[in-house]
Amino acid sequence: MPSCPQCNKPLAEVTRQCPTCRADLDLLVEYVSGLAGSLYRAEQLTRGGELGPAMWAYLEVLEVDPDNPEAKRQVGQVATAVRQFDRTAPGRRWAQGLRQRRTATRLRSSLAEDALLSWWRSWWHS
């Protein structure tokens, strides 16, 4: 629920004039209506299956109102889905396997160098 920027009293409904102090609230009305329009557009895009543009629309809402619960929820769901996809996609698993093999190869190589160095030192000092 928005509050009047002049007297800080909560507004039961967004009107062009504060009922308490009679301050002009035109900017607040435009802000709220623009935000509602952006949320509506994002929701329509989501329902239409256009998830990319919907995501951008929700991010635009968050740019204006970072605490908007609907936009935060939708963006959070998409971020979670992307993370899940990155973990389970076959190409990603393959790339992760390469990284693990590369790390294991480096470890084996390092252990072999240590063993050779250890053998050389023991031979040299004997």
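Cut-offs and rules
Residues numbered from 1 in each chain as written. Predicted model: local features only at pLDDT ≥ 70, side-chain atom pairs only at ≥ 80, totals over all residues. Heavy atoms only, no water. Axes fitted to C-alpha atoms, helices over the stretch in contact; angles between N-to-C directions. Helix = DSSP H or I, 4+ residues; strand = E, 2+ residues; numbered from the N terminus. Parallel < 35°, antiparallel > 145°, perpendicular 65-115°, else oblique. Left-handed = near helix turned anticlockwise from the far one by under 90°. Contact = heavy atoms within 4.5 Å. Nonpolar A, V, L, I, M, F, W, Y, C, P; charged D, E, K, R; others polar. Expected span 1.5 Å × (residues − 1). Buried < 20%, exposed > 50% of the residue type's maximum accessible area, 1.4 Å probe, protein only. Arc of directions from axis to C-beta. Polar contact = N/O pair within 3.5 Å; in protein donor to acceptor, adjacent residues only side chain to side chain. Salt bridge = Lys/Arg side-chain N within 4 Å of Asp/Glu carboxyl O.

Peer 1: Explain the packing of helix α1 (residues 26-47) against helix α2 (residues 51-64) here, please?
Peer 2: A packed helix pair is summarised by two numbers, namely the angle formed by the two axes and the spacing between the axes. Two elements in contact, α1 and α2, have axes whose closest approach is 8 Å; the angle formed by their N-to-C orientations is 160°. The angle between the axes of α1 and α2 places the two elements in the roughly antiparallel class. In terms of crossing hand, the pair formed by α1 and α2 is left-handed. Packed against α1, whose contacting residues are Y31, L35, S38, L39, R41, A42, E43, L45 and T46, the element α2 presents L51, P53, A54, A57, Y58, E60, V61 and V64 at the interface. For the contact of α1 with α2, a count of residues per class yields twelve nonpolar, two polar and three charged.

Peer 1: Where do I start with α2 in this structure?
Peer 2: Side chains three or four residues apart in an α-helix point the same way, a direct result of the helix having 3.6 residues per turn. Over its 14 residues, α2 extends 20 Å from the first C-alpha to the last, a length consistent with the 20 Å expected when each residue adds 1.5 Å. All buried positions along α2 are accounted for by A54, M55, A57, Y58, V61 and L62. Looking straight down α2, one finds that the buried residues subtend no more than 160° of arc, so they occupy a single side. Among the exposed residues of α2, those pointing more than 90 degrees away from its buried face are W56 and E63.

Peer 1: Just checking my understanding: could you explain α1 for this structure?
Peer 2: Compared with an ideal rise of 1.5 Å per residue, which puts 22 residues at 32 Å, α1 spans 31 Å between its outermost C-alpha atoms and is within 8% of the ideal. Those residues of α1 that sit buried are L28, V29, L35, L39, A42 and L45. Positive phi appears at G49, one or two residues downstream of α1, with a value of about 85°.

Peer 1: Could you clarify how one ought to interpret the side chain of N68 in this entry?
Peer 2: Note that N68 resides in the loop between α2 and α3 (69-88). For N68, a relative accessible area of 6% gives the class buried. Polar side-chain contacts of N68 include one of 3.1 Å to the backbone nitrogen of E70. At 3.0 Å, the side chain of N68 and the backbone nitrogen of A71 are in polar contact. Once residues lying within four places of it in the same chain are set aside, the contact partners of N68 are L35, L39, V61 and L62.

Peer 1: Honestly, the pattern of salt bridges in this entry has me stumped. Any pointers?
Peer 2: For side chains bearing opposite charge, pairing can occur when the charged atoms are close. Throughout the structure, instances matching the rule amount to three salt bridges. With a closest N to O distance of 2.9 Å, E60 and R41 form a salt bridge. Taken together, the residues E60 in helix α2 and R41 in helix α1 connect sequence positions 19 residues apart. When its relative accessible area of 40% is taken as the criterion, R41 is described as partly exposed. The partner of R47 in a salt bridge is E43, with the nearest N and O atoms 2.9 Å apart. Placement of the pair is R47 and E43 together in helix α1, with a separation of four residues, close to one helical turn.

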